[in-house]
Structure formats: structure tokens, C-alpha cells
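For reference, the chains in residue letters:
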Amino acid sequence: GAVVSQHPSWVICKSGTSVKIECRSLDFQATTMFWYRQFPKQSLMLMATSNEGSKATYEQGVEKDKFLINHASLTLSTLTVTSAHPEDSSFYICSASPYGTTYNEQFFGPGTRLTVL
Amino acid sequence: DAKTTQPTSMDCAEGRAANLPCNHSTISGNEYVYWYRQIHSQGPQYIIHGLKNNETNEMASLIITEDRKSSTLILPHATLRDTAVYYCIVRVASTGNQFYFGTGTSLTVIP
């Protein structure tokens, strides 16, 4: 199946710093990618829809100025957590669907664990 | 918004069939039923999806009731590696359409 990678797999940062997480589709192109956040023992919460070449669409309650999303190419989307604070510590997961195929499923990355001290 | 209801947790003996139910009574005519699972600290893994016919692949079978208001995911011979949280999601099948996850069912396969 299609492969989605994320980098880094884990990151620890100090409060107030910004952290960038990359999401790549390795063997397919994706015009749309999605970003999720998952707190311990909870389900995945959709944060935003990342569209190649245009602005991301954020879910209600997600601060677009805090979670900056850039989808500069058909294989790469980035999520930047700006001025991170301990409450932003979470598991961040991206997903993508292959473009131009009949695939209906989304393929998920392995996730990035962010810890803000 | 999640449109499905699943039991919080289930146990299954190793080697037996695991039957995971899902209620989706408000499903629309053009919405598919998808199943994903998430093993601890990993990204979700696609299992199977269907519209109204029963489906089977190398991982599982999906049984959808005739009125499409509920479905059952069947893992025919559960192994310890099948221990995971299983999510049932309904969604219009389109590349740009979002997946909204519910709470899922935590399946524990017991030796």
C-alpha cells in the first residue's frame, strides 16, 4: 500500500519555541493531506485539511495562527506548532489520499510525539 | 463529527473470531463504512471499507446490514498482534473528504 512518512518521530522542545513536523507521501502524490492530534487515551481529533497550493482549512476551535500548515508540493505538508506550550504536548498524525486514483482510503503516517517542557 | 457508536472495549480469545459491532443509524446513502485500527503509539492502519455489500479482504470481513444502520467487522482468527483500538467511520468516499474518528473499540486478544 501507499506509504506516508513523518519527521521527526519524536521531539522535545522548550516552552516558547516553534516546532516543525513534516509529512511526506513517499510513493504517491496527494493534493490533500490531513493533520490530527491525539492526546493520551483519546481518539484522533482532526485539526485541519491541508490543500496543495492553497490555504489550509482548520476545524472549529483550532487556532490557525498557532498551528501553521504549509502544503507546498504534492508530496509534502508541514505543520509548525508556534510558541509551543506544555498543553501542546501530544501525538500529531498526518494522512493523505493518493491523487488521481480510485482509492477511497486514507493512508496515515506513523505519528510525531511532541513533548513541550 | 463522529456518526458512529461502538462498544468501548472487547476481549477475544486468540485463534477465535473477533466480531466488532458498529452502529451508524444516521448514515447517508452515499456514505461508506470504513474500518481502521490503531496499535499503540502508531498511526491508524486501513482495514476495509464498504458501501452496502459485504466485503472481504486478507485482513477482515465487513458485514453491513441491509438497512445499512449497523455493521460488523470480523477478524476470522484473532492473534495477539490484533490487539488495538478499532475505529468505525462513515464518510462520503472522495479524496478530499475528511475522516472524523469516534472513540473506537479497544480490542484485547487474550492468549
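Above this text is the structure in question.
Fair warning: this is a prediction, and the values are worked out from it, not measured in the lab.

Draft legend 1. Expanded view of the nonpolar core. In this structure, Val-4, Trp-35, Phe-67, Leu-79, Tyr-92 and Leu-114 of chain A are the most contacted members of the largest nonpolar core, which totals 25 residues. Elements represented by at least two residues in this core include exactly β2 (10-13), β3 (19-25), β4 (32-38), β5 (45-51), β7 (67-73), β8 (76-81), β9 (90-96) and β11 (112-116) of chain A. Within the second largest apolar cluster, 21 residues are counted, among which are Cys-22, Ile-48, Leu-75 and Val-90 of chain B.

Draft legend 2. Region of interest: the packing of aromatic side chains. Counting across every chain of the model gives 12 aromatic pairs over all chains. Aromatic pair Tyr-36 of chain A and Phe-101 of chain B: ring centres 5.6 Å apart, planes at 90°, arrangement edge-to-face. Taken together, the residues Tyr-36 of chain A in strand β4 and Phe-101 of chain B in the loop between β8 (84-92) and β9 (105-110) connect one chain to another. A residue is classified by how much of its surface remains accessible, and Tyr-36 of chain A, at 0% relative accessible area, is buried. When the ring of Tyr-36 of chain B is compared with that of Phe-101 of chain B, the centres are 6.4 Å apart and the planes differ by 65°; the resulting orientation is edge-to-face. Of this pair, Tyr-36 of chain B sits in strand β3 (residues 31-38) while Phe-101 of chain B is found in the loop between β8 and β9, placing the two residues 65 residues apart along the sequence. Each member of the pair, Tyr-36 of chain B together with Phe-101 of chain B, is buried. These aromatic residues form a ring-pair network of at least three members: Tyr-36 and Phe-108 of chain A together with Tyr-32, Tyr-34, Tyr-36, Tyr-46, Tyr-87, Phe-99 and Phe-101 of chain B.

Draft legend 3. Region of interest: the pairing of β11 of chain A. Residue and element names in this part refer to chain A. A one-sided burial pattern is seen for β11, the buried positions being Thr-112, Leu-114 and Val-116 and the unburied ones Arg-113 and Thr-115. Here β2 pairs with β11 via 4 bridges, running parallel. Paired with Val-11 across the two strands is Leu-114, which belongs to β11. Bridge analysis of β9 against β11 gives 3 bridges, and the strand direction is antiparallel. Each residue of the ladder has a partner; that of Ser-90, found in β11, is Leu-114.

Rules and cut-offs
- Residues numbered from 1 in each chain as written.
- Chains lettered and ligands numbered in written order.
- Predicted model: local features only at pLDDT ≥ 70, side-chain atom pairs only at ≥ 80, totals over all residues.
- Heavy atoms only, no water.
- Core = buried A, V, L, I, M, F, W, Y, C linked by side-chain atoms within 4.5 Å.
- Buried < 20%, exposed > 50% of the residue type's maximum accessible area, 1.4 Å probe, protein only.
- Helix = DSSP H or I, 4+ residues; strand = E, 2+ residues; numbered from the N terminus.
- Phe/Tyr/Trp six-rings, centres within 6.5 Å; stacked < 30°, edge-to-face > 60°.
- Pairing = 2+ DSSP bridges.

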